[in-house]
Amino acid sequence: MTAIQEGQTQEFINGLAEECLPYWDMVEVGDVLERELHLSPELVTLYADGVEDFNPWYEAWRMNSWRIPGESPFGGAIVPPLLVSHFVLSVQFDHTKPFAIGSIHTFHDSEIFAPIAVGATVRITTRATDKFEKRGRRYVRHNAEVVDVDNDTLYFSETRDILSL
């Protein structure tokens, strides 16, 4: 392993010794987390291949040509619409804190406002908006927004519920 990998592995192992709490106990209504994500042609290609979505609108990378502008009805190549939804989960949890296993994603409502150009950098922001019980089970609701870092264009929003055991 590289020195970086060794450090990350050791940090993870040390984190296992910390007290783990259920997700319900870790999150307070009003908590906000955010992260920026660069939507590179390589990331788009890896995602599209992984979900087997071979739409030519997403192609801004070609073997031996590397990055190309691509073509779509929106101009250049665009990001698959639900790629950013995949990354919401990586922002929704504070990965600096250990939490108990048992969180289940139970509700998902997405709204797409505009296509995202391949190569854009977006800010994903999640807000814990509610905690509630339903049929004896505890849920945490999050609202997420994806906006362009350069011009604040709102591309995508989403509401998610997480069941915390």
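First things first, this report covers the structure right here in the doc. (Residues numbered from 1 in each chain as written. Predicted model: local features only at pLDDT ≥ 70, side-chain atom pairs only at ≥ 80, totals over all residues. Heavy atoms only, no water.)

### Describing the overall build of the chain
Threshold: Per the convention used, a helix needs a DSSP run of H or I reaching at least four residues, while a strand needs a run of E reaching at least two, with both numbered from the N terminus. Only protein chains enter the accessibility calculation, which uses a 1.4 Å probe; a residue whose area is less than 20% of its type maximum is buried, one above 50% is exposed, and one in between is partly exposed. Whether two residues touch is decided by their heavy atoms; if any such pair falls within 4.5 Å, the residues are in contact. Here the Shrake-Rupley method, with its probe set to 1.4 Å, supplies the accessible areas, and only the displayed protein chains count as covering residues.
What the chain contains, in helices and strands, is four helices and seven strands. In the chain, the succession of helices and strands from N to C terminus is α-α-β-α-β-β-α-β-β-β-β. Taken across its 165 residues, the chain has 34% of its residues classed as buried. Across the chain, contacts joining residues at least 24 apart in sequence account for 67% of those joining residues at least 6 apart. Accessible surface computed for the chain: about 10100 Å², of which carbon and sulfur atoms make up 54%.

### Some words on a nonpolar patch on the surface
What counts is decided by this rule: Exposure above 30% relative accessible area and the absence of a salt bridge qualify a residue for a patch, where like charges join within 9 Å and nonpolar side chains (Val, Leu, Ile, Met, Phe, Trp, Tyr) within 5 Å. The salt bridge criterion pairs a side-chain nitrogen of Lys or Arg with a carboxyl oxygen of Asp or Glu, the two atoms within 4 Å.
There is a patch of nonpolar side chains on the surface, built from F12, I13 and L16 and spanning about 330 Å² of accessible area. Residue placement: I13 occurs in helix α1 (residues 3–16). Given a relative accessible area of 45%, I13 falls into the partly exposed group.

### Re the pairing of strand β6 (residues 137–148)
Condition: Paired strands are those between which DSSP finds at least two bridges.
Bridge analysis of strand β5 (residues 121–134) against β6 gives 12 bridges, and the strand direction is antiparallel. In the strand pairing of β6, D130 is matched with R141. Taking the residues between adjacent antiparallel strands as the criterion, β5 and β6 are bridged by two residues, where R135 takes a positive phi near 50 degrees. The sheet contact formed by β6 and strand β7 (residues 154–164) spans 10 bridges and is antiparallel. The partner of E145 across the bridge, within β7, is S157. What sits between the antiparallel neighbours β6 and β7 is a turn of five residues, in which D152 has the positive phi angle 60 degrees.

### Some words on the nonpolar core
Put simply, the rule is: What we call a nonpolar core is a set of buried Ala, Val, Leu, Ile, Met, Phe, Trp, Tyr and Cys residues that are connected through their side-chain atoms within 4.5 Å.
Within the largest apolar cluster, 25 residues are counted, with the highest numbers of intra-cluster contacts made by L39, L83, I116, V122 and I124. Counting residues per element, the ones that place at least two in this core are α3 (41–50), α4 (83–92), β5, β6 and β7. The leading source of residues in this core is α4, at five residues. Ignoring any residue separated from it by four or fewer positions in sequence, one finds L83 in contact with L39, L43, V44 and Y47.

### Looking at the side chain of S40
Mapped onto the secondary structure, S40 falls in the loop between β1 (32–38) and α3. Apart from the residues within four sequence positions on either side, S40 is in contact with R67 and V118.

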